[in-house]
Amino acid sequence: MTEARRIVVKVGSSSLTTAAGGLDADRVDALVDVLAKSRSGGEKEVVLVSSGAIAAGLAPLGLRRRPKDLARQQAAASVGQGLLVARYTASFARYGIRVGQVLLTSDDMSRRSHHRNASRTLDKLLAMGALPIVNENDTVATDEIRFGDNDRLAALVAHLVHADLLVLLSDIDGVYDGDPSKPGTSRIVEVRGPQDLAHVEIGSAGKAGVGTGGMVTKVEAARIAAAAGIPVVLTSTVHATDAMSGGDTGTYFHATGKRSADRLLWLQHASTPQGSLTLDDGAVRAVVQRRMSLLPAGIAAVEGEFSAGDPVELRDGAGHAVARGLVNFDAKEIPQLIGRSTRELARELGPSYEREVVHRDDLVILHP
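Bear in mind the structure is a predicted one, so any value in this text is a computation, not a measurement.

Description of the pairing of strand β5 (residues 165-170)
Now for step 1: Burial runs high along β5: six of the six residues are buried.
Now for step 2: Of the two faces of β5, both are covered, the one formed by Leu-165, Val-167 and Leu-169 as well as the one formed by Leu-166, Leu-168 and Ser-170.
Now for step 3: Judged from the five bridges that link them, β5 and strand β7 (residues 232-236) form a sheet pairing that is parallel. Counterpart to Ser-170 in the pairing with β7 is Ser-236.

What follows is the structure in structure tokens.
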């Protein structure tokens, strides 16, 4: 932790706002104090993934709690995002630190051209000495507001910027082996793999009503980052100083895997399948066990409307998703390919059809 040079820090809405909505300036300043201090020696770079746009817009719009309808959520995000960045800008200015706003949606992480642009922007901001502040673009996004969370976004951003450490801050000081409000429970200090949490019941969102996440989303984000070779510290915002300096705080997730290609990480965790291909038993074994490409001969059925380059799910005969990949054909082309060899297709339809439906380099296994 102390040797980490590039750190992604994620902070939740409940750590920045009051329960009624609206930014808490003292809380923002306290967080900025910690982040500015960690950068003061010039040896560390920080990327901040910050929730709080919708929560910050509640009080100014006269809303008591986070609304359930999409239109008012987007309105609150529109008002709150400006207030959030303005507060950060003023607070970091006390230390002479410039900030840059980067708003992302899952589409920016799942489309390769958008992905590259996001990567270049973040890298350039860091190279120029600015501190990027990343948030989901809640003003225009739909799925992110309804289902998403910034914990998963933080894990993907950590991978995107080649971070050495991901710090997840919230109002809970770690993962516990039971309900932390009840006596007899204890904090789990280290997680070396999924087996360490196999018998732990993970809680959902808190009582404040201003955020969307909870311990479930944080643990899942930690698993995503750890599997990609990035260690994670999960603790409360009040212990941010210890988290950034290597102190004994929160729950530490050891890296469990190695860094993978960017496109494979977003393909598994950020992409939205546009359709599905059902595979016969032989193709399932070839794709899942032997890590081979999917050929037309192994396809039994196709569903959905998608274009070449879109992500699709690969399913077994029982309908279970076993893999996800980028398809090389439009949905309307695939019915004529089903069950046929590439050699036969090339002879009948032309040499452009003598290729894989999903290449193994553009494929990730979901359930090995």
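With respect to the nonpolar core
Now for step 1: Of all hydrophobic cores here, the largest spans 44 residues; its most connected members are Val-8, Val-134, Val-157, Leu-166 and Phe-253.
Now for step 2: Counting only elements with at least two residues in this core, the list comes to β2 (45-50), β3 (99-104), α5 (112-127), α7 (150-160), β5, α8 (215-227), β7 and α10 (262-269).
Now for step 3: By residue number, the principal contributor to this core is α7, which donates seven residues.
Now for step 4: When neighbours within four sequence positions are excluded, Phe-253 is seen to be in contact with Val-175, Val-191, Leu-197, Val-219, Ala-222, Pro-231, Val-232 and Leu-234.
Now for step 5: Counting residues in each nonpolar core, the second largest holds 26 residues, with Val-9, Leu-35, Ala-36 and Val-167 among its members.

A look at the pairing of strand β1 (residues 6-11)
Now for step 1: Of all six residues in β1, six are buried, a share of seventy percent or more.
Now for step 2: As judged from the five bridges shared by β1 and β5, these two strands associate in the parallel manner. Following the sheet pairing, Val-11 is matched in β5 by Leu-169.

As for the sheet that holds strand β12 (residues 321-326)
Now for step 1: Across the sheet, which stays open at both edges, the five strands sit in the order β10-β9-β11-β12-β13 with mixed pairing between neighbours. The strands lining the two open edges of the sheet, one partner per strand, are β10 (299-304) and β13 (363-365). Adjacent strand axes in the sheet meet at a mean angle of 20 degrees when their direction is disregarded.
Now for step 2: Two strands pair when backbone bridges link them, and β12 and β13 are joined in this way by three bridges, in the antiparallel orientation. In the sheet register, Arg-324 faces β13, and the bridge partner there is Val-364.
Now for step 3: Here helix α11 (residues 281-289) sits on the sheet and contacts β9 (275-279), β11 (311-315), β12 and β13; the angle it forms with β9, its principal contact strand, is near 110 degrees.

With respect to the packing of α7 against α8
Two quantities define a packed helix pair, namely the angle between the helix axes and the distance between the axes.
Now for step 1: Contact pair α7 / α8: the axes reach a minimum separation of 8 Å and the direction vectors enclose 15 degrees. Considered as vectors, α7 and α8 are oriented roughly parallel to each other. Seen from above, α7 lies across α8 with right-handed handedness. Along the contact surface, α7 presents Asp-151, Arg-152 and Ala-155, while α8 presents Thr-217, Lys-218, Ala-221, Ile-224 and Ala-225.

Quick look at the packing of helix α1 (residues 25-39) against helix α3 (residues 70-93)
Now for step 1: In the contact formed by α1 and α3, the axes pass within 9 Å of each other and the chain directions differ by 50 degrees. With respect to α3, the axis of α1 lies oblique. For the pair α1 and α3, the sense of crossing is right-handed. Residues Ala-25, Val-28, Asp-29, Leu-31, Val-32 and Leu-35 of α1 form the contact with α3, whose own contacting residues are Arg-87, Tyr-88, Ser-91 and Phe-92.
Now for step 2: Taken together, the residues of the contact of α1 with α3 break down into seven nonpolar, one polar and two charged.

Concerning the sheet that holds β7
One key point about sheets: their strands pair by backbone hydrogen bonds, in either a parallel or an antiparallel sense.
Now for step 1: A sheet is described by the order of its strands in space; here eight strands give the open sequence β3-β4-β2-β1-β5-β7-β8-β6, paired in mixed fashion. Each having just a single partner strand, β3 and β6 (190-191) make up the two edges of the open sheet.
Now for step 2: Two strands pair when backbone bridges link them, and β3 and strand β4 (residues 131-136) are joined in this way by six bridges, in the parallel orientation. Following the sheet pairing, Leu-103 is matched in β4 by Asn-135.
Now for step 3: Sitting on the sheet, α1 is in contact with β1, β2, β4 and β5, with an inclination near 155 degrees to β2.

What counts and what doesn't
- Residues numbered from 1 in each chain as written.
- Predicted model: local features only at pLDDT ≥ 70, side-chain atom pairs only at ≥ 80, totals over all residues.
- Heavy atoms only, no water.
- Buried < 20%, exposed > 50% of the residue type's maximum accessible area, 1.4 Å probe, protein only.
- Helix = DSSP H or I, 4+ residues; strand = E, 2+ residues; numbered from the N terminus.
- Pairing = 2+ DSSP bridges.
- Core = buried A, V, L, I, M, F, W, Y, C linked by side-chain atoms within 4.5 Å.
- Contact = heavy atoms within 4.5 Å.
- Axes fitted to C-alpha atoms, helices over the stretch in contact; angles between N-to-C directions.
- Parallel < 35°, antiparallel > 145°, perpendicular 65-115°, else oblique.
- Left-handed = near helix turned anticlockwise from the far one by under 90°.
- Nonpolar A, V, L, I, M, F, W, Y, C, P; charged D, E, K, R; others polar.

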